[in-house]
Amino acid sequence: MNKNEKFVITINRELGSGGRTVGRILAEKLGVPYYDKAIQKPLEEKFNMTSEEIEHLKGNERSWWQEIKRVLILGEDAANSFDYYDEENKKHVTSEAVLKAEKEILHSIAIEQSCVIAGRSAFYVMNGFPNRLNVLIQASMEYRLKRLMDKRGISEKEAKKIIKEVDEAREEYLKNNAHTSRYDTRNYDLVITMDGKTEEEAANVILAYIG
């Protein structure tokens, strides 16, 4: 990645790893915009769904092939007949549709400016962007549990439940829609384990890698 030209750095991260904070610090050091849940708002408006409904949909197990078969069997109208039913607008929405919308939003951002994007499957949806760096931020379960417990003020049992649900939903979403695993290191240029590091130190590791 050449930081002297328009670039995109994607930060995929495990819940509780501190990856979002690393991304924000990195963006500040590079003097570029940082995006994570900021793109959720246009998705909510586009599909008339809450953030929770979108995240639930993204963890749905239905695959792209199942959707294609529905179209072949039920006809063209089935292309808009999916996993989430919007009572107000009388339409259905798929996780594929959400992924497509995310891709359009992220691409429009990347065309405009250099930036750091955390989450949003950016490492996959920005696949065709020439000047990019894909980073995975991970941590041991012990590290993730402690950070989540401290941050949210919850018990270890609650933290374990949340991490399990989020990990499974994110993995299912990528397997169904991107046909890859978020843990496949071939998707990344750099993998950082947070144990023994501060978010600032992790951001500096990325800066050093860029050069």
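Before reading further, recall that the structure is shown in the block above.
Now for a description of the structure that goes with this document.

What counts, and where the lines are drawn
Residues numbered from 1 in each chain as written. Predicted model: local features only at pLDDT ≥ 70, side-chain atom pairs only at ≥ 80, totals over all residues. Heavy atoms only, no water. Phe/Tyr/Trp six-rings, centres within 6.5 Å; stacked < 30°, edge-to-face > 60°. Helix = DSSP H or I, 4+ residues; strand = E, 2+ residues; numbered from the N terminus. Buried < 20%, exposed > 50% of the residue type's maximum accessible area, 1.4 Å probe, protein only. Salt bridge = Lys/Arg side-chain N within 4 Å of Asp/Glu carboxyl O. Pairing = 2+ DSSP bridges. Contact = heavy atoms within 4.5 Å. Axes fitted to C-alpha atoms, helices over the stretch in contact; angles between N-to-C directions.

### Looking at the packing of aromatic side chains
Now for step 1: Counted according to the given criterion, the structure contains one aromatic pair.
Now for step 2: Their ring planes at 45 degrees and their centres at 5.2 Å tell us that F123 and Y188 sit as a pair that is tilted. With a gap of 65 residues between them, F123 in helix α6 (residues 122–125) and Y188 in the loop between α8 (156–177) and β7 (190–193) connect regions that are remote in the sequence. Assigned by exposure class, F123 and Y188 land together as buried.

### A short note on the pattern of salt bridges
Once the charged atoms of two side chains with opposite charge are near each other, the side chains can pair.
Now for step 1: Here the structure, examined in full by the defined rule, presents 11 salt bridges.
Now for step 2: D150 is the salt-bridge partner of K146, the closest N and O atoms lying 2.9 Å from each other. Remark: D150 and K146 occur in helix α7 (residues 141–152); sequence separation between them is four residues, near one turn of the helix.
Now for step 3: Note that E165 is salt-bridged to K161, the shortest N-O span being 2.7 Å. Of the two residues, E165 and K161 are both situated in helix α8; the distance of four residues between them amounts to about one turn of the helix.

### Quick word on the environment of A27
Now for step 1: Residue placement: A27 occurs in helix α1 (residues 19–30).
Now for step 2: The spacing of A27 and A203 is 176 residues in sequence and 9.0 Å in space, taken between C-alpha atoms.

### Quick notes on the pairing of β7
Now for step 1: Side chains L190 and I192 of β7 all project onto a buried face; the interleaved residues V191 and T193 project onto a face where none is buried.
Now for step 2: In this sheet, β7 lies alongside strand β6 (residues 132–138) in parallel orientation, the contact comprising four bridges. For V135, the partnering residue across the bridge sits in β7 and is L190.

### Some words on the sheet that holds strand β5 (residues 115–118)
Now for step 1: In space, the five strands of this open sheet follow the order β2-β5-β1-β6-β7, with parallel pairing throughout. Taken across any chain shown, the strands that pair with only one partner, and hence form the sheet edges, are β2 (34–35) and β7.
Now for step 2: Of the strand pairs in this sheet, β2 and β5 are connected by two bridges, and their pairing is parallel. Residue pairing for β5: Y34 is matched across the bridge by V116.
Now for step 3: The sheet contacts of helix α9 (residues 199–210) involve β1 (8–13), β6 and β7, and relative to β7 the element is tilted by about 155 degrees.

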